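Structural characterization, general
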Amino acid sequence: MTRKRTTLALLAAALLILPACGQYDGVHDEFEAAGGENPGLGGEDATGTEGTADGTDGTGTTGTDDGNTDEDAASGGGGNDNGDAGNGDTTGVTADTITIGIHAPLTGAAPLKQESFETGKDLYWQYGNGGGPVEIHGRTVETVFADDQYRPSTARQVCQTMAEEQKAFALIGAGGTDQIQACAQYAAGENVPYLSTGVTETGMGSLDTYFAASMTYKQQVPILADYIKNELGVTDASKVAAVVTNTPNFDDAADGFTDAFDGAEVFRPDKNERGSSAAGNLCTGTVKNYDVVFVLTSPTFYLEMAAASGCRPQYVGVGVSMGLDQVASTGCSAASSTEGARFFNPTPAFADANEYDPDFLAAADAAGITPDDVTWMMWGQSKVLHQMLDKAGEDLDRGAFLDAVAGSSFSTGVFPDLNYKNGPFGATQVSVLRNVCDGGGHYETDFAFVNSF
Amino acid sequence: MGAFFALGLFQGAVYGLLAVGIVLVYKAKRVFNFAQGEFGGVAAFTSFALVVGAGLPYWVGIVGGLAAAVAMGLIVERVIVRPLESASRTIMLVALVGVALFTIAIIVLLGQPIPRVMPPLVQGTGLNILGAGILPQQLILLAVLAVLAAAMAWFFKTDLGLAVLASSQDTRAAQVVGISPHAIARLVWGMAALIGGIAGLLYAPVGIFTPGFMTLTMLVPAFAAAVLGGMTSLPGAFVGGIAIGVVQNLGIYWLGQQLKVPGAAELGVFALLMLVLLIRPQGLLGGAN
């Protein structure tokens, strides 16, 4: 009986193998001539017109359609860490369009306004060229969007859907550390370019397809420590505390902060703890235990903690969602509990947008929408991506894109200057926002595009 | 440590208020009401819309919020609970989870999932209680919880309360003596929704609130409080809520901050539940049966 089963298994295996061995000559050539492609195997045409595997042609060649690229932005890098230039993977690219996938939390612990995303995701691409659509080597950009619900598992799932079913050429993460990490890791596994605001460096540095469009927490923390010492004038570590959510993705930031402020108290609340419980550490009744409190948590945790605190320490922090006006206005509604808080942010404050890029408000006018800080952030991120796509050249594929970006520099005037010569964490500047409670609560720019204090 | 004790005490008051509603429904109908938190959510959002959105006086917001919660309770009773009365307890439980999720979805659709702040009932700076800054609103919350738990305990000694208990024990027999099961069901669900609404209205101004804030963060500790108290004991729900809040916060302080144990709040609550149920399986104030 056993021998019979073995014979049957061998026969079945042979049936599967033999047809492959017996393929006629030229079948593959005919397949290619008929338009077929097999990116997994490569081939003679698996090289792009720009960029080579060793990166020798990694110089920028073009400016952008809207004239935003300065000379610096077009300067090339020499790096090609990916070695897959012109890999023939043109998913999401047609003769006329490029499809981009964006994920962000519309629900969960760091919820962002849905309308802002709906209007903001296309604002730059549809109206960024003097009120008309932006064209990159004759192609316009279309976007698809998904709510990651502030959950890493959902983020990975929606990124997969956008990349595989909706055929997004590249993915963008708008906020949420764990979600960005989850999607970036998926994207790297599938060779999909992935761009996000800078978050953790844990598990991200080795991802070939990932690029941070602003400074990571680890990069920002030493600058923040200098800011506390030199701008806020607090040098006594016993007067400084850090409240950092207990996730491995924030370990690098917490360690960096204690390196800079040796002896500072660090509290690591669990993800599902309530901010009101953390308030017990900050004050004794209405007397503050610390002059400065570094916060790296979800916005809702921060707001709860601030609202429940009987005292008003100076809150400071790094990140992206903390710099949203929604956070500022909510904190102000809760007895001005966050007034004066300072947060590092990728962009200057939305309130000052016109000073840094007048095209933004003009585009919003042309689109007939009411802009806000979320649309402003997406505008900046879109400008970064525009320059990257432009640099990848006319014969766009994922390999050419990755090749063009690695080692190159970009400058938008909205996001920090970027230089990917030494890896994916290429941002070199931050802006400092201050929570102002006049007029409903919002952020204003204290410093724009600085790299030291 | 004193600050964590005080914060836990006042956080526990919210758990206690929700637990009183859960126990009320369980005691009267033997149903685990997973929609209890959303009675508070609906009340808070309705009140916010009236007070902050429409600029109406605070009392209008309170009345409107409570009316919305009670209306929701009556609708749930008529549309979900009554048709499923003869179904298994599991089906009822799942249906009520569905009610909670559906309500959250509706609130998200209508109100966006952004954080909000409800103005407090009483303005004032924090009082120093054991080192914690406690808002006047939190003091009101604790007082209301004590009064409600006592009132509910008293209610079950009245004729109407006894009718509720009779109906829960044998509906047919209760009908024979003239007790309408539908009227009793309406009364119980209306009261539970009112208590949930009060919890939502009192808790929303303490911090910030988002859609689902009562269900997602308060409901599980409230169930733990109800179980700890004995599941059928209203004073037990009060004591259980306070105990859960205090143990949660002391767990954060001792286990989390001093001993660096992850998941300290949950671990503390779990240990307390295990200890009480091992020593006294009927809960702190539950009956022997």
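Here is what the cut-offs are and how they apply
- Residues numbered from 1 in each chain as written.
- Chains lettered and ligands numbered in written order.
- Predicted model: local features only at pLDDT ≥ 70, side-chain atom pairs only at ≥ 80, totals over all residues.
- Buried ≥ 20, exposed ≤ 12 C-beta atoms within 10 Å, placed from the backbone.
- Helix = DSSP H or I, 4+ residues; strand = E, 2+ residues; numbered from the N terminus.
- Pairing = 2+ DSSP bridges.
- Right-handed = clockwise from strand over helix to strand, strands pointing away.
- Axes fitted to C-alpha atoms, helices over the stretch in contact; angles between N-to-C directions.
- Domains from an automatic or database assignment.
- Contact = placed C-beta atoms within 7 Å.
- Nonpolar A, V, L, I, M, F, W, Y, C, P; charged D, E, K, R; others polar.

1. A short note on the pairing of strand E6 (residues 240-244) of chain A
Residues and elements named next belong to chain A. Among the 5 residues that make up E6, 5 are buried, leaving the element largely enclosed by the rest of the structure. A two-sided burial pattern is seen for E6, the buried positions comprising Val240, Ala242 and Val244 on one face and Ala241 and Val243 on the other. When E6 meets strand E10 (residues 292-296), the two strands line up parallel, connected through 5 bridges. Bridged to Ala241 within E10 is Val293. Sheet analysis places E6 next to strand E7 (residues 265-267), joined by 3 bridges and oriented parallel. In the strand pairing of E7, Val243 is matched with Phe267. After leaving E6, the chain enters helix H8 (residues 251-260) and then returns to the sheet as E7, a path that is right-handed.

2. Considering unusual backbone geometry
With phi around 55°, Lys167 of chain A is a residue other than glycine that occupies positive phi space. Residue placement: Lys167 of chain A occurs in the loop between helix H5 (152-165) and strand E3 (170-173).

3. Overview of the sheet that holds strand E2 (residues 140-147) of chain A
Residues and elements named next belong to chain A. Across the sheet, which stays open at both edges, the 5 strands sit in the order E2-E1-E3-E4-E5 with parallel pairing between neighbours. Strands at the two margins of the open sheet, each flanked by one partner only, are E2 and strand E5 (210-212). Here the average twist between neighbouring strands, direction ignored, is 25°.

4. A word on the domain arrangement of chain A
All names here are of chain A. Here the domain parsing of chain A yields domain 1 (71-215 + 352-428) and domain 2 (218-345 + 432-450). A C-alpha centroid distance of 28 Å is found between domain 1 and domain 2. Counting residues at the interface gives 20 residues for domain 1 and 21 residues for domain 2. Contributions of two or more residues to the side of domain 1 that touches domain 2 are made by helix H6 (177-189) and helix H14 (373-392). Here the element with the most residues in the side of domain 1 that touches domain 2 is H6; it accounts for 3 residues. Grouping the amino acids of the side of domain 1 that touches domain 2 by side-chain chemistry returns 7 nonpolar, 7 polar and 6 charged.

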